Amino acid sequence: MSSGNFPDFVHLASFTYLDTIVSHDEIALRTLFHGLVHATQMAFLGLDRYTDYYVRGFVKSRSWIAIPLEAQAYQLDTRFAMSPSTSFSVEEEVESWAEQGRY
């Protein structure tokens, strides 16, 4: 997998593991939201299936940004950033993608 394009963890704004979001700096609201999307994905899919989808997505695309789990997190954090006062359900979005086989 070393031929793929995956960022060094030192350069990530944050990292999500289960229900914990780790950041080396003060976390921006959009970055926090992105982490919460990943926490929701992990809660819905379970850690084993989430990890399987993440690795398979990376192996297929060779780019972490093209991993469907990341693509969804970026789409939803953009949606949030564009209109933070407009509510939507991240849980419903994650469930919809899973039902459609988009991961």
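Residues numbered from 1 in each chain as written. Predicted model: local features only at pLDDT ≥ 70, side-chain atom pairs only at ≥ 80, totals over all residues. Heavy atoms only, no water.

Visitor: What should I look at first to understand the pattern of salt bridges in this one?
Guide: Applying the stated rule across the entire model yields three salt bridges. When the shortest N-O distance is used, the salt bridge between R56 and D52 registers 2.8 Å. Separated by four residues within a single helix, R56 and D52 lie in helix α2 (residues 47-61), roughly one turn from each other. In this structure D52 comes out as partly exposed when scored by relative accessible area, which is 31%. Salt-bridge contacts for E93 lead to R79; the nearest nitrogen and oxygen are separated by 2.8 Å. Linking E93 in helix α4 (residues 90-99) with R79 in helix α3 (residues 68-82), this pair joins segments that are 14 residues apart in sequence. (Salt bridge = Lys/Arg side-chain N within 4 Å of Asp/Glu carboxyl O. Helix = DSSP H or I, 4+ residues; strand = E, 2+ residues; numbered from the N terminus. Buried < 20%, exposed > 50% of the residue type's maximum accessible area, 1.4 Å probe, protein only.)

Visitor: Help me out: how do you make sense of the nonpolar core in this one?
Guide: The nonpolar side chains of a soluble globular protein tend to be buried, and buried together. Judged by nonpolar contacts, the single largest core of 17 residues is most densely connected at F33, V37, Y50, I67, L69, V90 and Y103. Mapped onto this core, the elements with two or more residues apiece are α1 (29-45), α2, α3 and α4. V90 has contacts with F33, V37, T40 and L76, leaving out every residue within four places of it along the chain. (Core = buried A, V, L, I, M, F, W, Y, C linked by side-chain atoms within 4.5 Å. Contact = heavy atoms within 4.5 Å.)

Visitor: I keep staring at the packing of α1 against α2 and nothing clicks. Help me out?
Guide: Angle between the axes and distance between the axes are the two parameters that describe a pair of packed helices. Viewed as axis vectors pointing N to C, α1 and α2 meet at an angle of 120 degrees, and their least axial separation amounts to 6 Å. Between α1 and α2, the residues in contact are H38, Q41, M42, F44 and L45 and L47, R49, Y50 and Y53, respectively. Partitioning the contact of α1 with α2 into residue classes produces six nonpolar, two polar and one charged. (Axes fitted to C-alpha atoms, helices over the stretch in contact; angles between N-to-C directions. Nonpolar A, V, L, I, M, F, W, Y, C, P; charged D, E, K, R; others polar.)

Visitor: Looking at this structure, how should I read the environment of V94?
Guide: Topologically, V94 is positioned in helix α4. Excluding residues that lie within four positions of it along the chain, V94 makes contacts with T40, Q41, F44, Q72 and Y103.

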